[in-house]
Amino acid sequence: MDTARHLGILAHSTEGAALSFLSYCQEGFERTGRHEQPDVTMDYIAFGRSMPAWDAGDYATVRKTLSTSVDRLARAGAEFFVCPDNTAHIALEEPGPDLALPGLHIAEVLADEGARNRFTSVGVLGTKYTMDGPVYRSALGARGIAAEIPDEKDRLIVNQIIFDELVNGVFTDESRAEYVRIIKDLAARGCDAVALVCTEIPLLVTPESSPLPTLDSTRLQARAAYEVASGERPLPTWRGGPVR
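About the cut-offs
- Residues numbered from 1 in each chain as written.
- Predicted model: local features only at pLDDT ≥ 70, side-chain atom pairs only at ≥ 80, totals over all residues.
- Heavy atoms only, no water.
- Helix = DSSP H or I, 4+ residues; strand = E, 2+ residues; numbered from the N terminus.
- Buried < 20%, exposed > 50% of the residue type's maximum accessible area, 1.4 Å probe, protein only.
- Lys, Arg positive; Asp, Glu negative; His and termini not counted.
- Salt bridge = Lys/Arg side-chain N within 4 Å of Asp/Glu carboxyl O.
- Contact = heavy atoms within 4.5 Å.
- Pairing = 2+ DSSP bridges.
- Axes fitted to C-alpha atoms, helices over the stretch in contact; angles between N-to-C directions.
- Expected span 1.5 Å × (residues − 1).
- Arc of directions from axis to C-beta.

Novice: Would you mind showing me how to read the side chain of E165 here?
Specialist: Structurally, E165 is set in the loop between α8 (152-164) and α9 (173-188). Although E165 lies buried, it forms no salt bridge, and the closest oppositely charged side chain, R176, sits 9.2 Å away as judged by the N-O distance. Apart from the residues lying within four places of it in its own chain, the contact partners of E165 are Q160, V170, T172 and S175.

Printed below as a string of structure tokens:
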């Protein structure tokens, strides 16, 4: 692959980062029929170290931690990065010095896919930070797509399952049933798709089990990353900070 570009994966949660890595490698096999893909390096500063800052709403401190990973990826030879953690993009969008590498913004990738499918109202399932935050409202809204979130009680359920179970690799039928119920409620409110924007949710809710078409942020970003790494897409230009 003479035009191949070295991908850096900025990990911020274990299961989601692992799914991103696997999806990227699998994309290479699906496209070439060989166990080959452009080089990839992952850097992971355990997200537990950032939880006090998340809880305090101190996104600038989280951004500094994430930028340390980007610096290390750049030193390892990566030419661009992806962060397969949706919540982390709240911090990455904080004003600050340019990151050491350009990155593929996960919400922009997902919103582009929503627009290609002509969805008009998308339910957003993720951590409480992501559901309550501006990232997906902004990205979807810029494409004329409404972003809907569950009611407060169900937002708490979604968030608790993520942090008590999914990030620890626990996936139960009971939790899947709760997510399906919440997705049905979003459908009843007029949503024509659901965005799975915590990177672990697609491991619990599959397209077959979802009452609505799913937008899987992790795999969509991994596919886009492969296209950039293989030269099918141009390098991204975003280096942190507000997208618009």
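Novice: Explain the sheet that holds strand β5 (residues 121-125) to me, please; I cannot follow it from the model alone.
Specialist: The pairing of strands in a sheet comes from backbone hydrogen bonds and takes either a parallel or an antiparallel form. Taken together, four strands build an open sheet; the order of strands is β6-β5-β7-β8 and the sheet is parallel. Because the sheet does not close on itself, it has two edges, and the strands there are β6 (146-148) and β8 (214-216). Shown here is a sheet whose adjacent strand axes are inclined to one another by a mean of 30°, direction ignored. Of the pairings in the sheet, the one linking β5 to β6 comprises three bridges and is parallel in character. In the strand pairing of β6, S121 is matched with A146. Across the sheet, α9 touches β5, β6 and β7 (193-196), and the angle it forms with β5 is around 155°.

Novice: Got a minute to help me understand the pattern of salt bridges in this structure?
Specialist: Should the charged atoms of two oppositely charged side chains come close, the side chains can pair. Summed over all chains, the structure comprises 15 salt bridges. A salt bridge links E27 to R31; the shortest N-O distance between them is 2.8 Å. Remark: R31 and E27 occur in helix α1 (residues 14-32); sequence separation between them is four residues, near one turn of the helix. For R31, a relative accessible area of 35% corresponds to the partly exposed category.

Novice: For this particular structure, what's the right way to read helix α3 (residues 59-75)?
Specialist: Each α-helix turn comprises 3.6 residues. Residues three or four places apart therefore point the same way. Relative to the 24 Å expected for 17 residues at 1.5 Å per residue, α3 spans 24 Å between its end C-alpha atoms, a close match to the ideal helical length. Turning to α3, its buried residues number three or more, namely V62, R63, L66, S67, S69, V70 and L73. Angularly, the buried residues of α3 cover 155° about the axis, an arc narrow enough to put them on a single face. Every exposed residue of α3 that faces more than 90 degrees away from the buried side is listed here: K64 and R75. Following α3 by one or two positions, G77 adopts a phi angle in the positive range, close to 105°.

Function-wise, these values are silent; they only describe arrangement.
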